Amino acid sequence: MKWTPSLATGHATIDGQHRELFQCLADLEQAAAENSTMFAAYTLTRLKHYVRDHFADEEAVLRATDYPGLEAHIAEHQRFRAQLSELQVQSVNTDITPEMQAFLVDWLVNHIARVDLDYVPYLKQK
Ligand SMILES: [Fe+2]
């Protein structure tokens, strides 16, 4: 699970944060592979905080552009934040399951690789 330059938005802060999110996902995979419940719970908390900060920063950057997909993009962030909170509550009672892990990886990779790249032309207008 690695960030690659093909995923670059060209915005240094956003790209740095996306790389960090990929690192969180790699840590989560490692925790699952090692059956490390504590590390998984810690990584999930770290991911949740990191996602919250990253989404806020990304939304602030997009608000400063004329990106027409802004509201839909924010709505996607909002849905994911809620799903992530729900997963964290579930993970208190059960270990992080392969399904939970697959959901997080699929959502973030798809979002960064597809949804985020949609706003790149609007960043370049600035
Ligand atoms: Fe986004």
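The structure presented is a predicted model; accordingly, all values stated were derived computationally and were not measured.

Here's the deal with the nonpolar core
Alright, step 1. Core analysis: the largest hydrophobic core is formed by 12 residues, namely Cys24, Leu28, Ala31, Ala32, Ala40, Leu44, Leu47, Ile96, Met100, Leu104, Leu108 and Ile112.
Alright, step 2. Going through the elements one at a time, helix H1 (12-33), helix H2 (37-63) and helix H4 (98-115) are the ones with two or more residues in this core.

Description of H2
Alright, step 1. Helix length check: H2, at 27 residues, gives a terminal C-alpha distance of 38 Å against a target of 39 Å (1.5 Å per residue), a fit within 8%.
Alright, step 2. Among all positions of H2, only Ala40, Thr43, Leu44, Leu47, Glu58 and Leu62 are buried.
Alright, step 3. Buried residues belonging to H2 abut H1 and helix H3 (70-93).

Looking at the confidence of the model for the chain
Alright, step 1. The pLDDT averaged across the chain works out to 91; a share of 98% of its residues lies at or above 70.
Alright, step 2. Per-element confidence in the chain ranges from a low mean pLDDT of 91 for helix H5 (residues 120-124) to a high of 93 for H2.

A look at the packing of H3 against H4
Alright, step 1. Contact geometry for H3 and H4: axes closest at 12 Å, N-to-C directions at 165°. Considering their axes alone, H3 and H4 lie roughly antiparallel with respect to each other. Of the two possible hands of crossing, H3 and H4 adopt the one that is left-handed. Across the interface between the two elements, His73, Glu76, Phe80 and Leu87 of H3 pack against Met100, Trp107, His111 and Val115 of H4.

Parameters at a glance
Residues numbered from 1 in each chain as written. Predicted model: local features only at pLDDT ≥ 70, side-chain atom pairs only at ≥ 80, totals over all residues. Core = buried A, V, L, I, M, F, W, Y, C linked by C-beta atoms within 7 Å. Buried ≥ 20, exposed ≤ 12 C-beta atoms within 10 Å, placed from the backbone. Helix = DSSP H or I, 4+ residues; strand = E, 2+ residues; numbered from the N terminus. Expected span 1.5 Å × (residues − 1). Contact = placed C-beta atoms within 7 Å. pLDDT = per-residue confidence, 0-100. Axes fitted to C-alpha atoms, helices over the stretch in contact; angles between N-to-C directions. Parallel < 35°, antiparallel > 145°, perpendicular 65-115°, else oblique. Left-handed = near helix turned anticlockwise from the far one by under 90°.

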